[in-house]
Amino acid sequence: MAQPTEAVTAAMSHVASGSGVPHQPDESRRSRKPANTKFKQQQLPAWQPMLTARSVLPFLVAIGVAFIPIGIALFLSAANVYEIQRDYTQCKELGKDVPCANFSFSSQNPICHCQEFFSLDKQIAGPVYIYYGLDNFYQNHRKYVKSRDDNQLMGGFQRIDIDKQTGPSKDCDPFASVKGNGTYGYAPCGAIANSLFNDSIALHYLGNPTDAAAGVNIQPVGLLKTGIAWKSDKDIKFRNPRNASGIATRQALIDAMKNNNLEKPPYWSTELWNLDTEDQNNNGLQNEDLIVWMRTAAFPSFRKLYRRVNHVNTFADGLPVGNYSFEIDYRYPVTAFEGRKYVIISSVSWIGGRNPFLGIAYMTVGCVCLLLAAIFFFIHVKWGKK
């Protein structure tokens, strides 16, 4: 009788041991070798540049020759922008020798009125813009940047309901619901909206010092409060609630606030529906001052567009030579966090405002490339053959 094979013997031993199932190979011990394809075996055709003096030197020279003139043009363009900046942090209250920074604000006395004077020794050609600037204000803090409800800013007001988990976003805490009354929320909620910049700035022309009527016929400079926000922000990201007819009106905003138990942020002195009572297209959540503020700055020192000069009559071609004054309603406190406040008048060029960094960056890169080209050329001539 023939001897059983090894496989049969192994199977019989398993049966004898009571397992009844032949031994299976261990899955973890299988080969981990990738599939035999060009992709997994890294055999696809490839191209690798051979960096030689013949290829690198012309490239560096071309970048240097192109970047330096571009940098000079950008730098000169930025230098031609006329700009005046006034720090009004310690602006003194009218009729008193007390800085508004030390003013005792209260519900009965909420505003400190002050003035800042300046002169123009040459005309600022239009268009002319007015900015406000803040220093040492960290709008880029992670929690501050997240403290908003984008759905609410698009008109999606919701009543606070703990069971249904509706209401302003939790990202808005601690400015999501009214302290001590959890059924009432804020709109717009969050730290960004709550800290809205609320100083009012007006510009007056006092006349040319050479004129006999200088300082007598004071002219207010017309300032436009629309056209200062990004069009995409106003058209898409910020919307007011609509009424049953699908129309966004001031009354629809009031009703939406009251029906959903929503109030203005705690640090606001003006109701949301009164941000601009003269222009309903610039009121409520579509107020451009609010929209500009809600676009947070990347650095602790920043400026934001406040107004556009209305170029008509005396100011048709820009701001003429002469004396001017800023009339400021001082409300926004900054000394508590050692901040500063500025008001800036600036013209613009084809690349925007006064910012020489881009031109300097282009010239620097161009000069570095030409310097490297000279060094590599010297090395190639002296030691290239070796």
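Preceding this paragraph is the structure being described.
All figures in this text were calculated on a predicted structure; none of them were measured in a lab.

A few points about the pattern of salt bridges
Then, number 1: Throughout the structure, instances matching the rule amount to 15 salt bridges.
Then, number 2: The partner of Asp97 in a salt bridge is Lys92, and the shortest N-O contact between them spans 2.8 Å.
Then, number 3: Accessibility expressed as a relative area gives 61% for Asp97, which makes it exposed.
Then, number 4: Across the salt bridge formed by Asp276 and Lys225, the nearest N and O atoms sit 3.4 Å from each other.

Description of the sheet that holds strand β7 (residues 200–207)
Then, number 1: With antiparallel pairing, the 4 strands of this open sheet are ordered in space as β2-β13-β7-β8. Looking along the sheet, the strands with just one partner apiece sit at the ends: β2 (112–120) and β8 (219–220).
Then, number 2: By the bridge criterion, 2 bridges tie β7 to β8 in an arrangement that is antiparallel. Note on β8: the bridge partner recorded for His204 is Pro220.

Here we look at the state of the cysteines
Then, number 1: What the rule picks out here adds up to 3 disulfides.
Then, number 2: Covalent S-S linkage joins Cys91 and Cys114, the inter-sulfur distance amounting to 2.2 Å. Disulfide Cys91 to Cys114: torsion about the S-S bond roughly 125°, handedness right-handed. Of this pair, Cys91 sits in the loop between β1 (83–87) and β2 while Cys114 sits in strand β2, and the two are 23 residues apart along the sequence.
Then, number 3: With relative accessibility at 1%, the residue Cys91 sits in the buried group.
Then, number 4: For Cys114, a relative accessible area of 1% puts it in the buried group.
Then, number 5: For Cys172, the disulfide goes to Cys189, at an S-S distance of 2.0 Å. Here Cys172 is found in the loop between α4 (150–153) and β5 (177–178), whereas its partner Cys189 is found in the loop between β6 (181–186) and α5 (191–194), with 17 residues between them in sequence.

Things to note about the packing of aromatic side chains
Geometry of an aromatic ring pair is reported as the spacing of the ring centres plus the angle between the planes.
Then, number 1: What the rule picks out here adds up to 18 aromatic pairs.
Then, number 2: Note on Tyr205 and Tyr324: the rings are 4.9 Å apart at their centroids and 40° apart in plane angle, and the pair reads as tilted. Here Tyr205 is found in strand β7, whereas its partner Tyr324 is found in strand β13 (residues 322–330), with 119 residues between them in sequence. Accessibility assignment for this pair places Tyr205 and Tyr324 in one class, buried.
Then, number 3: Of the aromatic side chains, those joined through ring pairs into one cluster are Tyr132, Phe137, Tyr144, Phe197, Trp293, Phe302, Tyr306, Tyr332 and Phe337.
Then, number 4: Over the face of the ring belonging to Trp230 we find Arg295, whose NZ or CZ atom lies 3.7 Å from the ring centre.
Then, number 5: Sitting above the plane of the Trp383 ring, Lys382 keeps its charged end 5.7 Å from the centroid.

Reading the values: the criteria
Residues numbered from 1 in each chain as written. Predicted model: local features only at pLDDT ≥ 70, side-chain atom pairs only at ≥ 80, totals over all residues. Heavy atoms only, no water. Salt bridge = Lys/Arg side-chain N within 4 Å of Asp/Glu carboxyl O. Buried < 20%, exposed > 50% of the residue type's maximum accessible area, 1.4 Å probe, protein only. Pairing = 2+ DSSP bridges. Helix = DSSP H or I, 4+ residues; strand = E, 2+ residues; numbered from the N terminus. Disulfide = S-S within 2.5 Å. Phe/Tyr/Trp six-rings, centres within 6.5 Å; stacked < 30°, edge-to-face > 60°. Lys NZ or Arg CZ within 6 Å of the ring centre and 35° of its normal.

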